[in-house]
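# Examining the three-dimensional arrangement
Now for the letters of each chain:
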Amino acid sequence: MANEDVQKMLAELSKDLLESKARLEEAQRVAHVGHWEWDLETNVVVWSDETYRIFGLNPQEHPMDLATVRSMVHPEDREPLYQGVDQDLVAGERPNAEFRIVRPSGEVRTVSSLTSERWSSLPGDTKRDASGRPYKLFGTIQDITERKRAEEALKQSQFYLSEGQRLAHMGSWAFNDSGHYWSEELYRIYGLDPQNGAPTVEQYLALIHPQDRASMAETINRMQEEHCGFDQIERIIRPDGQLRYVRAVAVPVVEQGVFKGFIGTTMDVTEQELLTQELRREQAYLAEAQSLTHTGSWACNLLTREIFHSSDENARLYGFDPSQGAIPFDRFYNAILAEDEVALRARLENAIREGADYDVGFRIRRTDGALRFLRGIGHHNPSQEIGEYVGITMDITERKRAEEEREKLRQLEADLAHINRVNLMGELAAALAHEIRQPIAASITSANACLRWLARDPPDLERARAAAARIEQDGNRAADVINHLRSFYKKGTPPEREMVDIKEIVREMAALLRKEAVQHSIKIHSELGENVPNVLADRVQLQQVFMNLMLNAIEAMKDTGGKLTISSRSTPQGQVTVSIGDTGVGLPAENTERIFDAFHTTKPQGTGMGLAITRSIVEAHGGRVWGTANQDAGATFHFTLPAKAEADA
């Protein structure tokens, strides 16, 4: 009976053992964890069924030994693995390891092998060799391929996140009861050392720009008290003194209605902020320029009447308030005067149809009732939609009014020119009377002499012929004076100029006026420079200048006699200066400049044209004329003419 009980007990124990073994195998299969036993003396390896499956083998497919196991370890991991195991055994440590295996199918898996604290397969079996090395090892092996892949994917994701934050200059942070987290990029943004950990609130506020610190402290207090987030740009001063702009965004974390803390991001937006500030300045400059020039800019589709952009000045041109928001197209268009709208619409429709630019003028009635003239210029880009234009609108009211004033002025100038032509006829008549008086007087004198020589008995024909020749010469001179004065006063008539020797003109005029000078006890003296160049001039007109100035000098000395001096010299400015001086009564004490005005004279029988004609001729030749009082007595008149080289230029 006892034996039967023992057999029955053994049967039950065997059954329990089998069931336990089955449950163990199932547990290992479910957990992908197998066990192994390694006899260090025989190198025999015993595997569980799951261990076989982990290595890609059928359970108990064939006995295992160390060589077979070694051959299935990945070649790159084989030597490091067994060297490490040997070193651990010698050091008396458990040889735990992670390594890769290659299944018969070629698939690579990653496994983790853990050795039991007991270095024997049986509890209490602590047999060791003489060196203290155990005879057997027992442990587990787990397929951790998926976990390793997940870890690698996590590391890759963390790398991508870290690299993305670095490239974007954006760091992340979190704050809750368990602590304060800062990403690596966030430390870089603030110029802090990650080894020192995340800063406290006080340390963080110390990094904020002094002008922004109070505002940021208030934001943090409100965030903590009200559990609200924020999004704002602030300035920071890094420990190295560098100023940066950062945008900080905080979001509260709430789980099942319970506040847990904050998560947020901080981005370095220095470059963007500086560009934004520069853009704002440029926009301010553009707006100011548009305001100063009364020019507005716009972009719209003239077909759909959709406005994409309209500057503030564009709205003000029409009398609209830009602060009131977007202004519809029809409000702009309806401000155009009805009498201008028809022609304007035709121009715009034609431009849209041809895809061409346009430049139109029109009038508007502003909201304040003011009438304004506007000019619109539109540009169509062929790559844009039909009817899409960008352009400008300018207020040309003042220009229009100025044009009207210029037209009135032009009419006044035309009327004045007519009056001047009438006056010019009188001036020409006076000039002719003045200039031909001397040759006519000389002709009369010669005619009287001719008559006297013919009245002799017998007649002195030789002297009569000489007197007649002088009459002819003076008559021709009077004709030349008339012709040259007419050409001088007649517009569009080119002057007949030639290279003229000043010394030759002086000799001619001195010879012509010598008789009249002798009659009044006046000596003519010349002081002409040796190297004075020739001038490009109308010979007859230049003779008139010399004659007018010399006759004036003679007239000033006719009652007292005196000396008439003619001098010439070259100037460093490339001109020839001629001076004609006398020792007569001198210049008037007042209004010296008026002596060159037409019809202004100090002589009882004077016409007031001599000096006026002289100035006109000299200025027409590119020179100038003026008079000065002599230190002792009399006056000297000077005039300049361009020298030959300057005239050629």
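Residues numbered from 1 in each chain as written. Predicted model: local features only at pLDDT ≥ 70, side-chain atom pairs only at ≥ 80, totals over all residues. Heavy atoms only, no water.

## Section: the environment of S526
How we decide: Working definition: helices are DSSP H or I runs of at least four residues, strands are E runs of at least two. Numbering for both runs from the N terminus. The buried label applies to any residue whose accessible area, calculated with a 1.4 Å probe on protein chains only, is under 20% of its type's maximum; exposed applies above 50%, and partly exposed to all values in between. Contacts between residues were defined by any pair of non-hydrogen atoms, one from each residue, lying within 4.5 Å.
Residue position: S526 is located in strand β18 (residues 522-528). We classify S526 as partly exposed; its relative accessible area is 41%. C-alpha separation for the pair S526 and I580, spaced 54 residues apart in sequence, amounts to 9.2 Å. When neighbours within four sequence positions are excluded, S526 is seen to be in contact with V506 and I566.

## Overview of the sheet that holds strand β12 (residues 295-301)
Counted only if it meets this: A pair of strands counts as paired when DSSP detects no fewer than two bridges linking them. Comment: axis = line fitted to C-alpha atoms, over the contacting stretch for helices; angle = value between 0 and 180 degrees taken between N-to-C directions.
The five strands lie next to each other as β13-β12-β16-β15-β14, forming an open sheet whose pairing is antiparallel. Each having just a single partner strand, β13 (306-310) and β14 (358-365) make up the two edges of the open sheet. With strand direction ignored, the average angle separating the axes of adjacent strands in the sheet is 30 degrees. As defined by bridge partners, strand β15 (residues 371-379) adjoins strand β16 (residues 388-395) across six bridges and the pair is classed as antiparallel. Residue pairing for β16: L374 is matched across the bridge by D395. Packed onto the sheet, helix α12 (residues 338-354) meets β14 and β16 and runs at close to 155 degrees relative to β14.

## A few points about the packing of helix α16 (residues 502-519) against helix α17 (residues 539-557)
For any two helices packed against each other, the geometry comes down to the angle between their axes and how far apart the axes lie. We apply this condition: Oblique is the label for any angle not under 35 degrees, not over 145, and not in the 65 to 115 range, which are roughly parallel, roughly antiparallel and roughly perpendicular in turn. Crossings are assigned a handedness: left-handed for a near helix turned anticlockwise from the far helix by less than a right angle, right-handed for a clockwise turn. Amino acids are sorted into nonpolar (Ala, Val, Leu, Ile, Met, Phe, Trp, Tyr, Cys and Pro), charged (Asp, Glu, Lys and Arg) and polar (every other residue, Gly among them).
For the pair α16 and α17, interaxial distance at closest approach is 10 Å and the crossing angle is 40 degrees. Taken together, the axis directions place α16 and α17 in an arrangement best described as oblique. As for how α16 packs across α17, the hand of that crossing is right-handed. Residues I502, E504, I505, V506, E508, M509, A510, L512, L513, E516 and A517 of α16 form the contact with α17, whose participating residues are R539, L542, Q543, F546, M547, M550, L551 and I554. When the residues that make up the contact of α16 with α17 are grouped by side-chain class, the tally is 14 nonpolar, one polar and four charged.

## Quick word on the sheet that holds strand β1 (residues 33-39)
Read across the sheet, six strands follow the order β3-β2-β1-β6-β5-β4 without closing on themselves; strand pairing throughout is antiparallel. Whereas interior strands pair on both sides, the edge strands pair on one side only; in this sheet they are β3 (64-65) and β4 (97-102).

## Topic: helix α9 (residues 270-293)
Quick note on the threshold: Multiplying 1.5 Å by the residue count of a helix minus one yields the expected span of that helix.
Between its terminal C-alpha atoms α9 stretches 34 Å, which fits the 34 Å expected from 24 residues at 1.5 Å a residue. The complete set of buried residues in α9 reads T270, E273 and Q290. As for α9, its buried residues are in contact with β9 (230-237), β10 (243-255), β11 (258-268), β12 and α10 (312-317).

## What to know about the side chain of H380
The condition that has to hold: Definition of a polar contact: a pair of N or O atoms within 3.5 Å, with one able to donate and the other able to accept a hydrogen when the atoms are protein atoms, and with sequence-neighbouring residues admitted only if both atoms are side-chain atoms.
Looking at the secondary structure, you find H380 in the loop between β15 and β16. A relative accessible area of 9% means that H380 is categorised as buried. Here E388 takes part through its backbone oxygen, which lies 2.8 Å from a polar atom of the side chain of H380. Once residues within four sequence positions are removed from consideration, H380 is found in contact with G355, A356, D357, E385, I386, G387, E388 and Y389.

## A short note on the packing of aromatic side chains
Put simply, the rule reads: Pairing of aromatic side chains here covers Phe, Tyr and the six-membered ring of Trp, requires ring centres within 6.5 Å, and sorts the geometry by plane angle: under 30 degrees stacked, over 60 edge-to-face, intermediate tilted. Criterion for a charge above a ring: Arg CZ or Lys NZ at most 6 Å from the ring centre, at most 35 degrees from the ring normal.
If you walk through the whole model with that rule in mind, you get twelve aromatic pairs. Relative to Y187, the ring of W182 lies with its centre 5.4 Å away and its plane at 55 degrees, an arrangement referred to as tilted. Given a relative accessible area of 6%, Y187 falls into the buried group. Taken together, the aromatic side chains of W182, Y187, Y190 and Y204 make up a single cluster linked through ring pairs. For the cation-ring pair, R70 lies above Y82, with the distance from its terminal atom to the ring centre recorded as 4.6 Å.

## Brief notes about the side chain of S297
Mapping S297 onto the fold places it in strand β12. Separated by 3.0 Å, the side chains of S297 and Q290 make a polar contact. A polar contact of 3.1 Å, which involves the side chain of S297, links it to the side chain of H309. Those residues in contact with S297 that sit more than four places away from it in its chain are Q290, H309, S310, S311, N314, G391 and I392.

## Digging into a positive patch on the surface
Condition: Patch building starts from residues that exceed 30% relative accessible area and form no salt bridge, then joins like charges within 9 Å and nonpolar side chains (Val, Leu, Ile, Met, Phe, Trp, Tyr) within 5 Å. Note that accessible areas follow from Shrake-Rupley with a 1.4 Å probe, and for residues the cover is restricted to the protein chains shown. Salt bridge, as used here: a side-chain nitrogen of Lys or Arg that lies within 4 Å of a carboxyl oxygen of Asp or Glu. All tallies of charge rest on Lys and Arg as positive and Asp and Glu as negative; His and the ends of each chain are not included. The atom standing in for a charge is NZ when the residue is Lys, CZ when it is Arg, CG when it is Asp and CD when it is Glu.
Taken together, the side chains of R452, R456, R470 and K515 define a basic patch exposed on the protein surface. With respect to the helices and strands, the residue R452 is situated in helix α14 (residues 437-455). Under the relative-accessibility criterion, R452 is labelled exposed at 54%.

## Comments concerning the pattern of salt bridges
Per the stated rule, a full pass over the model turns up 37 salt bridges. Between R100 and E76 there is a salt bridge; the shortest N-O distance is 3.0 Å. Residue R100 is found in strand β4, and its partner E76 is found in helix α4 (residues 75-91); the two are separated by 24 residues along the sequence. Taking the relative accessible area as the measure of exposure, E76 reaches 58% and is therefore exposed. The partner of E313 in a salt bridge is R316, and the shortest N-O contact between them spans 3.1 Å. In this pair, E313 and R316 are both assigned in helix α10, three residues apart and thus about one turn of the helix distant.

## A closer look at the nonpolar core
How we decide: By convention a nonpolar core is built from buried Ala, Val, Leu, Ile, Met, Phe, Trp, Tyr and Cys residues, the set being connected through side-chain atoms within 4.5 Å.
Within the largest apolar cluster, 39 residues are counted, with the highest numbers of intra-cluster contacts made by L542, F546, M550, L564 and F639. Looking at this core, the elements that each hand over two or more residues are α16, β18, β19 (535-537), α17, β20 (562-570), β21 (575-581), α18 (610-620) and β23 (635-642). It is α17 that provides the largest number of residues to this core, a total of ten residues. A315, L344, A351 and I364 belong to the second-largest nonpolar core, a separate cluster that totals 23 residues.

## Section: unusual backbone geometry
The linkage connecting D457 with the following residue, P458, adopts the cis geometry, with an omega of 0 degrees. Relative to the elements of secondary structure, P458 occurs in the loop between α14 and α15 (461-489).

## Some details on the pairing of strand β6 (residues 136-143)
Of the two faces of β6, only one is covered, namely that formed by L137, G139, I141 and D143; the face formed by K136, F138, T140 and Q142 stays uncovered. Sheet topology note: the β1/β6 ladder contains seven bridges and is antiparallel. Residue pairing in the sheet places H35 in a bridge with T140 of β6. In this structure, strand β5 (residues 108-115) lies alongside β6, joined through five bridges in antiparallel fashion. Bridge pairing links V111 to D143 in β6.

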